[in-house]
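In case you want the letters, here they are:
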Amino acid sequence: MAFSNPGFSQSPAFSKNGGPVIRQQQGAAQPVEYNGMTAEQLQQLYSQPAAAPTQTDRMTYEDTITKTLLAFGVVLVGAAIGWFIPALAFVGAIAGFVLALVNIFKKKPSPGLVLAYSAAQGLFVGGISSIFESQWDGIVTQALIGTVAVFATTLLLFKSGKIRASAKATKVFMIAMIGYGVFSLINFGLMIFGANSNPWGLRGMEIFGIPLGFILGILVVIMAAYSLVLDFDQVKTGVERGAPRIYAWSAAFGIVMTVIWLYVEILRMLAILRGSD
């Protein structure tokens, strides 16, 4: 039966018709040959190290980390620009939303589009951070520390195996996401049409003296942390299944999107809390 894998059928060492041949010349035994290859050549072939995942164009943890750090580097550059020109926050928000949709529905990841999304989100994050910092001194530092703390804790728990994505938890997460999305749309509509005069809309309402936005913020931070678990789980699955290397950009896009969402929610939660003092 012929080998179906062309990688095997094209190699002399795995040829069906091959076999060791001892050639005699003038009564002296010659080196053993296998399809024209001597024993020494075969030994060199077998002694070569296995190809690394990057050499076979497969997704790796190292490559994914590199691409993710590159995307975050672009976010930081955009944030620096947005910090000094806060008006760009609106432009970054619109561009980031459009690019997010493009990246989500694009079948094959595009490094350029992922980095463009990172740049747009950087403008948005930098702009709103500058605006919030002008209102509440030190709030950006607090939000950054909170974001790093949640990200690091989630990553450590995931690496230790103490937290994993499950079908039931993911179902609850999706229901919560839909509910939060509906609430955000309603709240936005009430604020736009002047039905609620509070600067935070329904989030500014108090329950037992605690702003609703702060309570929701804690729940959303938990949701964002679970979203990170899903991101890490997808990276793990992609590496273990040998996904094409290009999909490391999809992982970078997903992680950047989740971390920015986490940061914005913490920033808003802190602003609501400090604004109620």
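Points about the overall build of the chain
The helix and strand inventory of the chain stands at nine helices and seven strands. Sorting the 277 residues of the chain into buried and exposed places 36% on the buried side. Taking the contacts inside the chain whose residues are at least 6 apart along the sequence as the reference set, 72% of them involve residues at least 24 apart.

Thoughts on the environment of Ile255
With respect to the element layout, Ile255 can be found in helix 9 (residues 248-275). A residue is classified by how much of its surface remains accessible, and Ile255, at 7% relative accessible area, is buried. C-alpha separation for the pair Ile255 and Thr68, spaced 187 residues apart in sequence, amounts to 7.5 Å.

Some points on helix 7 (residues 167-192)
With 26 residues, helix 7 should reach 38 Å at 1.5 Å per residue; the first-to-last C-alpha distance of 37 Å fits that figure. Where helix 7 terminates, the next one or two residues include Gly194, which has phi positive at roughly 75°.

Focus: the nonpolar core
One finds Ile139, Leu262, Tyr263 and Leu267 to be the most contacted residues of the largest nonpolar core, which totals 43 residues. With 14 residues, the top contributor of residues to this core is helix 9. Here Tyr263 is in contact with Val125, Ser129, Val140, Ala143, Leu144 and Thr147, once residues within four sequence places are set aside. Grouped together as the second largest cluster of nonpolar side chains are six residues, Met59, Val239, Ala248 and Ala251 included.

Some words on the side chain of Asn187
Mapped onto the elements of the fold, Asn187 is located in helix 7. According to the relative accessible area criterion, Asn187 is buried, its value standing at 1%. Here Asn187 is in contact with Trp200, Gly201, Leu202 and Arg203, once residues within four sequence places are set aside.

Side note on the environment of Val91
One can find Val91 in helix 4 (residues 88-105). Along the backbone, Val91 and Ala120 are 29 residues apart, and their C-alpha atoms lie at a distance of 7.8 Å.

Brief notes about the packing of helix 5 (residues 111-135) against helix 9
Taken N-terminus to C-terminus, the directions of helix 5 and helix 9 make an angle of 10°; their axes are 10 Å apart at the nearest point. Between helix 5 and helix 9, the angle is such that the two are roughly parallel. Note on element contacts: helix 9 touches helix 5 through Trp249, Phe253, Val256, Met257, Ile260, Tyr263, Val264, Leu267, Arg268 and Ala271, opposite Pro111, Val114, Leu115, Tyr117, Ser118, Gln121, Phe124, Val125, Ile128, Ser129 and Phe132. The residue makeup of the contact of helix 5 with helix 9, split by class, is 17 nonpolar, three polar and one charged.

Comments concerning the side chain of Glu133
Mapped onto the secondary structure, Glu133 falls in helix 5. Despite being buried, Glu133 has no salt bridge partner; Arg274 is the closest side chain of opposite charge, sitting 6.6 Å away. From its side chain, Glu133 meets the backbone nitrogen of Gly138 in a polar contact 2.7 Å long. Side-chain polar atoms of Glu133 contact the backbone nitrogen of Val140, separated by 3.1 Å. Those residues in contact with Glu133 that lie beyond four places of it in its chain are Trp83, Gly138, Ile139 and Val140.

Concerning a nonpolar patch on the surface
On the surface, a nonpolar cluster with roughly 980 Å² of combined accessible area is contributed by Phe90, Val91, Ile94, Phe97, Val98, Leu101, Val102, Ile104, Phe105 and Met257. Top contributing element to the nonpolar patch by residue count: helix 4, with nine residues. Inspection of the secondary structure puts Val98 in helix 4. Of the residues examined, Val98 reaches a relative accessible area of 45% and is grouped as partly exposed.

Quick notes on the confidence of the model for the chain
Taken over all residues, the pLDDT of the chain has a mean of 83, while the share at 70 or more is 79%. The model gives residues 1-25 a pLDDT under 50, and that stretch makes 34 contacts with residues more than four places away or in other chains.

Let's talk about the packing of helix 3 (residues 61-84) against helix 9
At their nearest, the axes of helix 3 and helix 9 sit 8 Å apart, and the two run at 45° to each other. Classified by the interaxial angle, the pair formed by helix 3 and helix 9 is oblique. For helix 3 against helix 9, the interelement crossing comes out right-handed. Listed contacts from helix 9 to Asp63, Thr64, Lys67, Thr68, Leu70, Ala71, Phe72 and Val75 of helix 3 are Ala248, Trp249, Ala251, Ala252, Ile255, Val256, Val259 and Ile260.

The rules behind each value
Residues numbered from 1 in each chain as written. Predicted model: local features only at pLDDT ≥ 70, side-chain atom pairs only at ≥ 80, totals over all residues. Heavy atoms only, no water. Helix = DSSP H or I, 4+ residues; strand = E, 2+ residues; numbered from the N terminus. Buried < 20%, exposed > 50% of the residue type's maximum accessible area, 1.4 Å probe, protein only. Contact = heavy atoms within 4.5 Å. Expected span 1.5 Å × (residues − 1). Core = buried A, V, L, I, M, F, W, Y, C linked by side-chain atoms within 4.5 Å. Axes fitted to C-alpha atoms, helices over the stretch in contact; angles between N-to-C directions. Parallel < 35°, antiparallel > 145°, perpendicular 65-115°, else oblique. Nonpolar A, V, L, I, M, F, W, Y, C, P; charged D, E, K, R; others polar. Lys, Arg positive; Asp, Glu negative; His and termini not counted. Salt bridge = Lys/Arg side-chain N within 4 Å of Asp/Glu carboxyl O. Polar contact = N/O pair within 3.5 Å; in protein donor to acceptor, adjacent residues only side chain to side chain. Patch = residues over 30% accessible without salt bridge, like charges linked within 9 Å, V, L, I, M, F, W, Y side chains within 5 Å. Areas by Shrake-Rupley, 256 points an atom, 1.4 Å probe, with all protein chains shown as cover. pLDDT = per-residue confidence, 0-100. Left-handed = near helix turned anticlockwise from the far one by under 90°.

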